[in-house]
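Residue-level listing of the chains:
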Amino acid sequence: MTRISLGEEVADAVRDGRPLVALESTLLSHGLPPGRNLEVARRLERAVREAGAVPATIAILDGTPIAGLSPAELERVCAPDADLAKLSLRDLGPAIGLGRSGATTVAGTSALAHAAGIDVFATGGLGGVHLPTSTSWDVSADLGVLARIPMTVVCSGVKSVLDIASTLEVLETNSVPVLGYRTDQFPAFYLRSSGFPVPWRVDNASEAAAVITAHRACSGSGVLLANPIPLESEMDKTAHDLLLAEGLELLQDKDVHGKDVTPVLLEHFHTASGGASLDANEALVLSNARLAAEVAVALA
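These numbers come from a predicted model, not from an experiment. Counting from 1, residues in each chain are numbered in the order their sequence is written. The model is predicted, so local features are restricted to residues of pLDDT at least 70 and side-chain atom pairs to those at 80 or more, both for listing and for counting; the totals for chains, interfaces and linings are taken over all residues. Calculated side-chain values reflect all of the structure's heavy atoms, with hydrogen atoms and water omitted.

Undergrad: Sorry if this is basic, but what is going on with the environment of G52 here?
TA: Mapped onto the fold, G52 is located in the loop between helix 3 (36-50) and strand 3 (54-61). Owing to a relative accessible area of 45%, G52 belongs among the partly exposed residues under this scheme. In sequence terms G52 and A296 are 244 residues apart; their C-alpha atoms lie 8.7 Å from each other. Other than its neighbours up to four places away in sequence, G52 contacts P19 and V297. Only DSSP runs of H or I covering at least 4 residues are called helices, and only runs of E covering at least 2 are called strands; the numbering of each starts at the N terminus. Buried residues are those whose accessible area, probed at 1.4 Å on protein chains only, stays under 20% of the maximum for their type, while exposed residues exceed 50% and partly exposed ones sit between those limits. Here, residues are in contact when the closest pair of their heavy atoms is within 4.5 Å.

Here is the structure:
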(Lines give C-alpha, C1' and ligand atoms only; values in the text may rest on other atoms or scores of the structure.)
Protein backbone atom coordinates (compact mmCIF):
# COMPACT_ATOMS: atom_id res chain seq x y z
CA MET A 1 0.00 0.00 0.00
CA THR A 2 1.20 3.53 -0.81
CA ARG A 3 2.39 5.89 1.88
CA ILE A 4 -0.46 7.63 3.69
CA SER A 5 -0.32 11.10 5.14
CA LEU A 6 -1.59 11.09 8.73
CA GLY A 7 -3.19 14.12 10.32
CA GLU A 8 -1.37 15.30 13.44
CA GLU A 9 -4.02 14.00 15.85
CA VAL A 10 -4.19 10.65 14.06
CA ALA A 11 -0.41 10.28 13.93
CA ASP A 12 -0.20 10.89 17.67
CA ALA A 13 -2.95 8.34 18.34
CA VAL A 14 -1.28 5.69 16.15
CA ARG A 15 2.05 6.25 17.89
CA ASP A 16 0.50 6.09 21.37
CA GLY A 17 -1.82 3.15 20.65
CA ARG A 18 -4.98 5.15 21.36
CA PRO A 19 -8.33 4.09 19.86
CA LEU A 20 -9.10 5.37 16.36
CA VAL A 21 -12.20 5.33 14.15
CA ALA A 22 -12.05 5.76 10.38
CA LEU A 23 -14.76 7.82 8.68
CA GLU A 24 -15.46 7.86 4.96
CA SER A 25 -15.66 10.95 2.75
CA THR A 26 -18.06 9.72 0.03
CA LEU A 27 -20.97 10.24 2.43
CA LEU A 28 -19.95 13.88 2.66
CA SER A 29 -19.21 14.62 -0.99
CA HIS A 30 -21.83 12.43 -2.66
CA GLY A 31 -24.42 11.56 -0.02
CA LEU A 32 -25.32 14.85 1.66
CA PRO A 33 -26.09 18.33 0.27
CA PRO A 34 -23.55 21.17 0.57
CA GLY A 35 -23.69 22.92 3.92
CA ARG A 36 -25.28 20.03 5.71
CA ASN A 37 -22.40 17.74 4.74
CA LEU A 38 -19.84 19.89 6.57
CA GLU A 39 -22.10 20.16 9.60
CA VAL A 40 -22.50 16.37 9.71
CA ALA A 41 -18.75 15.84 9.16
CA ARG A 42 -17.97 17.95 12.21
CA ARG A 43 -20.67 16.25 14.28
CA LEU A 44 -19.32 12.82 13.35
CA GLU A 45 -15.80 13.72 14.45
CA ARG A 46 -17.13 15.28 17.65
CA ALA A 47 -19.22 12.16 18.43
CA VAL A 48 -16.14 9.95 18.07
CA ARG A 49 -14.08 12.19 20.34
CA GLU A 50 -16.83 12.37 22.97
CA ALA A 51 -16.86 8.56 23.10
CA GLY A 52 -13.13 8.48 23.79
CA ALA A 53 -11.61 7.76 20.36
CA VAL A 54 -9.82 9.77 17.68
CA PRO A 55 -11.63 10.35 14.35
CA ALA A 56 -9.81 9.84 11.05
CA THR A 57 -11.81 11.12 8.10
CA ILE A 58 -10.18 9.71 4.95
CA ALA A 59 -9.88 11.03 1.39
CA ILE A 60 -7.36 11.43 -1.43
CA LEU A 61 -6.41 15.02 -2.22
CA ASP A 62 -4.11 15.87 -5.14
CA GLY A 63 -2.92 12.27 -5.27
CA THR A 64 -2.13 12.00 -1.55
CA PRO A 65 -4.15 9.60 0.64
CA ILE A 66 -4.91 11.33 3.94
CA ALA A 67 -6.14 9.72 7.15
CA GLY A 68 -7.33 12.49 9.42
CA LEU A 69 -8.38 15.48 7.35
CA SER A 70 -7.56 18.90 8.76
CA PRO A 71 -10.43 21.41 9.21
CA ALA A 72 -9.43 23.10 5.94
CA GLU A 73 -9.25 19.76 4.10
CA LEU A 74 -12.64 18.78 5.49
CA GLU A 75 -14.07 22.03 4.17
CA ARG A 76 -12.53 21.31 0.77
CA VAL A 77 -14.13 17.86 0.61
CA CYS A 78 -17.52 19.34 1.53
CA ALA A 79 -17.36 22.38 -0.77
CA PRO A 80 -20.16 22.71 -3.36
CA ASP A 81 -17.60 22.90 -6.17
CA ALA A 82 -15.32 20.13 -4.85
CA ASP A 83 -16.10 17.86 -7.82
CA LEU A 84 -14.44 14.87 -6.19
CA ALA A 85 -14.31 11.48 -7.85
CA LYS A 86 -15.90 8.55 -6.03
CA LEU A 87 -13.05 6.21 -5.16
CA SER A 88 -13.52 2.52 -4.48
CA LEU A 89 -10.54 0.23 -3.95
CA ARG A 90 -9.94 -0.19 -7.69
CA ASP A 91 -9.77 3.61 -8.11
CA LEU A 92 -7.13 4.34 -5.48
CA GLY A 93 -4.15 3.55 -7.71
CA PRO A 94 -5.33 5.70 -10.64
CA ALA A 95 -6.22 8.61 -8.36
CA ILE A 96 -2.85 8.47 -6.57
CA GLY A 97 -0.82 7.86 -9.73
CA LEU A 98 -2.49 10.67 -11.66
CA GLY A 99 -2.49 13.12 -8.77
CA ARG A 100 -6.29 13.37 -8.61
CA SER A 101 -8.66 14.07 -5.74
CA GLY A 102 -11.51 11.90 -4.59
CA ALA A 103 -13.78 10.81 -1.77
CA THR A 104 -13.38 7.23 -0.59
CA THR A 105 -16.17 4.65 -0.39
CA VAL A 106 -16.45 1.90 2.22
CA ALA A 107 -14.03 -0.26 0.22
CA GLY A 108 -11.56 2.55 -0.43
CA THR A 109 -11.72 3.86 3.11
CA SER A 110 -11.26 0.39 4.62
CA ALA A 111 -8.13 -0.25 2.57
CA LEU A 112 -6.53 3.10 3.41
CA ALA A 113 -7.54 2.90 7.07
CA HIS A 114 -5.99 -0.54 7.41
CA ALA A 115 -2.77 0.69 5.84
CA ALA A 116 -2.74 3.57 8.33
CA GLY A 117 -3.10 1.20 11.28
CA ILE A 118 -6.81 1.82 11.94
CA ASP A 119 -9.08 -1.21 12.31
CA VAL A 120 -12.52 0.21 13.22
CA PHE A 121 -14.63 2.08 10.67
CA ALA A 122 -18.03 3.77 10.96
CA THR A 123 -20.29 4.38 7.97
CA GLY A 124 -23.96 4.61 7.07
CA GLY A 125 -24.69 1.55 4.96
CA LEU A 126 -22.64 -1.25 3.43
CA GLY A 127 -22.67 -1.96 -0.29
CA GLY A 128 -24.00 -5.33 -1.39
CA VAL A 129 -25.42 -7.45 -4.19
CA HIS A 130 -27.54 -5.44 -6.60
CA LEU A 131 -30.83 -6.57 -8.08
CA PRO A 132 -31.69 -8.33 -10.30
CA THR A 133 -29.18 -11.10 -9.66
CA SER A 134 -30.86 -13.23 -12.32
CA THR A 135 -29.49 -11.01 -15.10
CA SER A 136 -26.55 -9.16 -13.57
CA TRP A 137 -24.19 -10.26 -10.79
CA ASP A 138 -23.33 -6.73 -9.69
CA VAL A 139 -21.56 -7.06 -6.34
CA SER A 140 -20.14 -4.13 -4.38
CA ALA A 141 -16.40 -4.11 -3.77
CA ASP A 142 -17.26 -3.49 -0.11
CA LEU A 143 -17.95 -7.20 0.33
CA GLY A 144 -14.68 -8.30 -1.24
CA VAL A 145 -12.69 -5.88 0.90
CA LEU A 146 -14.36 -7.17 4.08
CA ALA A 147 -13.37 -10.66 3.01
CA ARG A 148 -9.67 -9.71 2.77
CA ILE A 149 -9.07 -6.89 5.26
CA PRO A 150 -9.49 -7.30 9.04
CA MET A 151 -11.60 -4.17 9.41
CA THR A 152 -14.55 -3.88 11.78
CA VAL A 153 -17.26 -2.00 9.89
CA VAL A 154 -20.08 -0.49 11.94
CA CYS A 155 -23.08 0.28 9.76
CA SER A 156 -26.89 0.18 9.65
CA GLY A 157 -27.00 -2.83 7.35
CA VAL A 158 -27.62 -2.28 3.66
CA LYS A 159 -30.18 -0.28 1.71
CA SER A 160 -33.39 -2.09 0.82
CA VAL A 161 -32.73 -1.55 -2.91
CA LEU A 162 -30.17 -4.36 -2.65
CA ASP A 163 -30.62 -8.11 -2.67
CA ILE A 164 -30.19 -8.51 1.07
CA ALA A 165 -30.43 -12.31 1.14
CA SER A 166 -27.66 -12.61 -1.47
CA THR A 167 -25.57 -9.97 0.31
CA LEU A 168 -25.70 -11.95 3.55
CA GLU A 169 -24.85 -15.12 1.64
CA VAL A 170 -21.76 -13.50 0.10
CA LEU A 171 -20.64 -12.37 3.55
CA GLU A 172 -21.08 -15.91 4.86
CA THR A 173 -19.18 -17.39 1.93
CA ASN A 174 -16.29 -15.05 2.66
CA SER A 175 -16.26 -15.86 6.40
CA VAL A 176 -17.28 -12.38 7.52
CA PRO A 177 -19.11 -12.56 10.87
CA VAL A 178 -22.29 -10.47 10.97
CA LEU A 179 -23.17 -9.22 14.44
CA GLY A 180 -26.48 -7.58 15.31
CA TYR A 181 -26.06 -4.84 17.90
CA ARG A 182 -28.91 -5.27 20.40
CA THR A 183 -30.98 -6.86 17.64
CA ASP A 184 -31.72 -10.28 16.15
CA GLN A 185 -32.67 -8.75 12.79
CA PHE A 186 -30.37 -7.46 10.08
CA PRO A 187 -31.19 -3.75 9.57
CA ALA A 188 -32.07 -2.16 6.23
CA PHE A 189 -30.62 1.34 6.59
CA TYR A 190 -33.75 3.55 7.01
CA LEU A 191 -35.59 0.58 8.58
CA ARG A 192 -34.58 -1.24 11.74
CA SER A 193 -35.29 -4.67 10.24
CA SER A 194 -34.88 -6.15 6.78
CA GLY A 195 -36.80 -9.27 7.78
CA PHE A 196 -33.60 -11.34 7.71
CA PRO A 197 -32.02 -12.61 10.95
CA VAL A 198 -28.44 -12.02 12.02
CA PRO A 199 -26.42 -15.11 12.95
CA TRP A 200 -24.95 -13.53 16.10
CA ARG A 201 -26.02 -10.83 18.55
CA VAL A 202 -24.02 -8.63 20.91
CA ASP A 203 -25.52 -6.23 23.44
CA ASN A 204 -22.62 -3.95 24.33
CA ALA A 205 -19.26 -2.73 23.05
CA SER A 206 -17.34 -5.12 25.30
CA GLU A 207 -19.08 -8.16 23.80
CA ALA A 208 -18.42 -6.84 20.31
CA ALA A 209 -14.74 -6.31 21.13
CA ALA A 210 -14.44 -9.82 22.55
CA VAL A 211 -15.89 -11.31 19.33
CA ILE A 212 -13.66 -9.14 17.13
CA THR A 213 -10.53 -10.09 19.07
CA ALA A 214 -11.36 -13.80 18.92
CA HIS A 215 -12.18 -13.61 15.20
CA ARG A 216 -8.90 -11.92 14.39
CA ALA A 217 -7.09 -14.85 15.98
CA CYS A 218 -8.97 -17.22 13.65
CA SER A 219 -9.26 -15.35 10.35
CA GLY A 220 -7.96 -12.47 8.29
CA SER A 221 -11.41 -11.27 7.24
CA GLY A 222 -13.30 -8.32 8.66
CA VAL A 223 -16.32 -8.13 10.96
CA LEU A 224 -19.64 -6.45 10.24
CA LEU A 225 -21.38 -4.89 13.24
CA ALA A 226 -24.95 -4.06 12.21
CA ASN A 227 -26.45 -1.25 14.30
CA PRO A 228 -30.11 -0.43 13.54
CA ILE A 229 -31.15 3.17 13.03
CA PRO A 230 -32.34 4.68 16.34
CA LEU A 231 -35.98 3.84 16.95
CA GLU A 232 -37.11 7.46 17.03
CA SER A 233 -35.45 8.15 13.66
CA GLU A 234 -36.74 5.14 11.71
CA MET A 235 -38.71 6.07 8.59
CA ASP A 236 -42.36 5.11 8.30
CA LYS A 237 -42.36 1.78 6.44
CA THR A 238 -45.28 2.64 4.15
CA ALA A 239 -43.64 5.90 3.09
CA HIS A 240 -40.28 4.15 2.73
CA ASP A 241 -41.70 1.41 0.50
CA LEU A 242 -43.39 3.98 -1.76
CA LEU A 243 -40.17 5.97 -2.09
CA LEU A 244 -38.25 2.78 -2.81
CA ALA A 245 -40.66 1.71 -5.56
CA GLU A 246 -40.39 5.16 -7.15
CA GLY A 247 -36.59 5.05 -6.81
CA LEU A 248 -36.33 1.64 -8.48
CA GLU A 249 -38.48 2.87 -11.36
CA LEU A 250 -36.25 5.94 -11.67
CA LEU A 251 -33.12 3.78 -11.80
CA GLN A 252 -34.66 1.68 -14.56
CA ASP A 253 -35.86 4.69 -16.56
CA LYS A 254 -32.43 6.35 -16.38
CA ASP A 255 -30.56 3.06 -16.87
CA VAL A 256 -28.46 3.66 -13.74
CA HIS A 257 -26.07 0.89 -12.67
CA GLY A 258 -23.11 0.16 -10.39
CA LYS A 259 -21.65 2.87 -8.20
CA ASP A 260 -24.11 5.46 -9.55
CA VAL A 261 -27.10 3.65 -8.01
CA THR A 262 -26.66 4.85 -4.43
CA PRO A 263 -26.26 8.61 -5.16
CA VAL A 264 -29.29 8.63 -7.48
CA LEU A 265 -31.41 6.64 -5.05
CA LEU A 266 -30.38 8.79 -2.06
CA GLU A 267 -31.13 11.97 -3.96
CA HIS A 268 -34.62 10.68 -4.79
CA PHE A 269 -35.26 9.75 -1.16
CA HIS A 270 -33.98 13.13 0.10
CA THR A 271 -36.05 15.13 -2.39
CA ALA A 272 -39.27 13.11 -2.39
CA SER A 273 -39.37 12.70 1.40
CA GLY A 274 -39.07 16.43 2.02
CA GLY A 275 -35.82 15.91 3.89
CA ALA A 276 -37.09 13.16 6.22
CA SER A 277 -34.59 10.67 4.82
CA LEU A 278 -31.77 13.18 5.33
CA ASP A 279 -32.64 13.38 9.01
CA ALA A 280 -32.74 9.57 9.20
CA ASN A 281 -29.40 9.26 7.38
CA GLU A 282 -27.75 11.71 9.75
CA ALA A 283 -29.17 9.99 12.83
CA LEU A 284 -27.99 6.52 11.84
CA VAL A 285 -24.47 7.50 10.84
CA LEU A 286 -24.01 9.48 14.07
CA SER A 287 -25.23 6.46 16.04
CA ASN A 288 -22.76 4.26 14.17
CA ALA A 289 -19.88 6.66 14.83
CA ARG A 290 -20.59 6.61 18.56
CA LEU A 291 -20.81 2.83 18.65
CA ALA A 292 -17.64 2.44 16.59
CA ALA A 293 -15.78 4.68 19.05
CA GLU A 294 -17.07 2.64 22.01
CA VAL A 295 -15.88 -0.56 20.32
CA ALA A 296 -12.50 0.99 19.46
CA VAL A 297 -12.09 1.99 23.12
CA ALA A 298 -13.02 -1.53 24.26
CA LEU A 299 -10.53 -3.04 21.81
CA ALA A 300 -7.79 -0.69 23.00
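Still more ground to cover, so stick around.
Undergrad: Explanation requested: the packing of helix 10 (residues 237-254) against helix 11 (residues 261-272) in the structure shown.
TA: In a packed pair of helices, the relevant descriptors are the angle between the two axes and the axis-to-axis distance. Between N-to-C directions, angles span 0 to 180 degrees; the directions come from axes that are lines fitted to C-alpha atoms, helices contributing only their stretch in contact. Relative orientation of the contacting elements helix 10 and helix 11 amounts to 135 degrees, with a least axis distance of 10 Å. Classified by the angle their axes make, helix 10 and helix 11 are oblique. Crossing of helix 10 over helix 11 shows right-handed handedness. In contact with H240, L243, L244, E246, G247, L248, L250 and L251 of helix 10, helix 11 contributes V261, V264, L265, H268, F269 and A272. Residues were grouped as follows: Ala, Val, Leu, Ile, Met, Phe, Trp, Tyr, Cys and Pro as nonpolar; Asp, Glu, Lys and Arg as charged; and all remaining residues, including Gly, as polar. Class assignment for the residues of the contact of helix 10 with helix 11 results in ten nonpolar, three polar and one charged. Small angles under 35 degrees read as roughly parallel and large ones over 145 as roughly antiparallel, with 65 to 115 read as roughly perpendicular and the rest as oblique. In a left-handed crossing the near helix is turned counterclockwise from the far helix by less than a right angle, and in a right-handed crossing that turn is clockwise.

Undergrad: What am I meant to see in unusual backbone geometry here?
TA: Even without being glycine, D62 reaches a positive phi, approximately 55 degrees. By the secondary structure assignment, D62 is in the loop between strand 3 and strand 4 (64-67).

Undergrad: Hey, could you run me through the pattern of salt bridges in this one?
TA: Opposite charge on two side chains permits them to pair, given that their charged atoms come into close proximity. We count a salt bridge whenever a side-chain nitrogen from Lys or Arg sits within 4 Å of a carboxyl oxygen from Asp or Glu. Tallied over the entire structure, the rule returns 14 salt bridges. Notably, a salt bridge pairs D203 with R201, separated by 2.9 Å at the nearest N-O pair. Each member of the salt-bridge network shares a partner with another, and the members are R36, R43, D279 and E282.

Undergrad: Which parts of the structure should I look at to understand the packing of aromatic side chains?
TA: Here a ring pair, both rings aromatic, is described through the centre-centre distance and the interplanar angle of the planes. Only Phe, Tyr and Trp rings are paired, with Trp represented by its six-membered ring, and only when their centres lie within 6.5 Å; those with planes under 30 degrees apart are stacked, over 60 edge-to-face, the remainder tilted. Scanning the model with the defined rule gives two aromatic pairs in all. Centre to centre, the rings of Y190 and F269 are 5.1 Å apart; their planes meet at 20 degrees, and the pair counts as stacked. Of the two residues, Y190 sits in the loop between strand 9 (178-181) and strand 10 (200-202) while F269 sits in helix 11, which places them 79 residues apart along the sequence. By relative accessible area, F269 is classed as buried at 3%. By the ring-pair criterion, three or more aromatic residues cluster together here, those being F189, Y190 and F269. Either the NZ atom of lysine or the CZ atom of arginine qualifies as a charge over a ring when it sits within 6 Å of the ring centre and within 35 degrees of the ring normal. Over the aromatic face of F189 sits the side chain of K159, whose NZ or CZ is 4.3 Å from the ring centroid.

Undergrad: What is the right way to look at the pairing of strand 4 in this model?
TA: On any regular strand, side chains alternate: one points to one face of the sheet, the next to the other face. Summarising the sheet, strand 1 (residues 5-6) and strand 4 pair through two bridges and their orientation is parallel. Residue pairing in the sheet places L6 in a bridge with A67 of strand 4. Note on pairing: two strands pair once DSSP finds at least 2 bridges between them. Pairing of strand 3 with strand 4, which is carried by four bridges, proceeds in the antiparallel orientation. Following the sheet pairing, I58 is matched in strand 4 by A67. Between the antiparallel neighbours strand 3 and strand 4 lie two residues, among them D62 with a positive phi of about 55 degrees.

Undergrad: What am I meant to see in the nonpolar core here?
TA: The tendency in soluble globular proteins is for nonpolar side chains to be buried side by side. Grouped together as the largest cluster of nonpolar side chains are 88 residues, with contacts concentrated most on V21, L126, L171, F186, L224 and L225. With eleven residues, the single largest contributor to this core is helix 12 (residues 276-299). When neighbours within four sequence positions are excluded, L225 is seen to be in contact with V153, V154, C155, L179, Y181, V202, A208, L291 and V295. Judged by nonpolar contacts, the second largest core, of twelve residues, contains I66, L74, V77 and L84. Take the buried residues of types Ala, Val, Leu, Ile, Met, Phe, Trp, Tyr and Cys, join any two whose side-chain atoms come within 4.5 Å, and each joined set is a nonpolar core.

Undergrad: Could you clarify how one ought to interpret the pairing of strand 3 in this entry?
TA: A large share of strand 3 lies buried, amounting to eight of its eight residues. Neither face of strand 3 is left uncovered, since the one carrying V54, A56, I58 and I60 and the one carrying P55, T57, A59 and L61 both have all their residues buried. For strand 2 (residues 20-23) and strand 3, the ladder comprises four bridges, and the chain directions are parallel. The partner of L20 across the bridge, within strand 3, is V54. Sheet topology note: the strand 3/strand 6 (residues 102-104) ladder contains two bridges and is antiparallel. Bridging across to strand 6, I60 finds its partner in G102.

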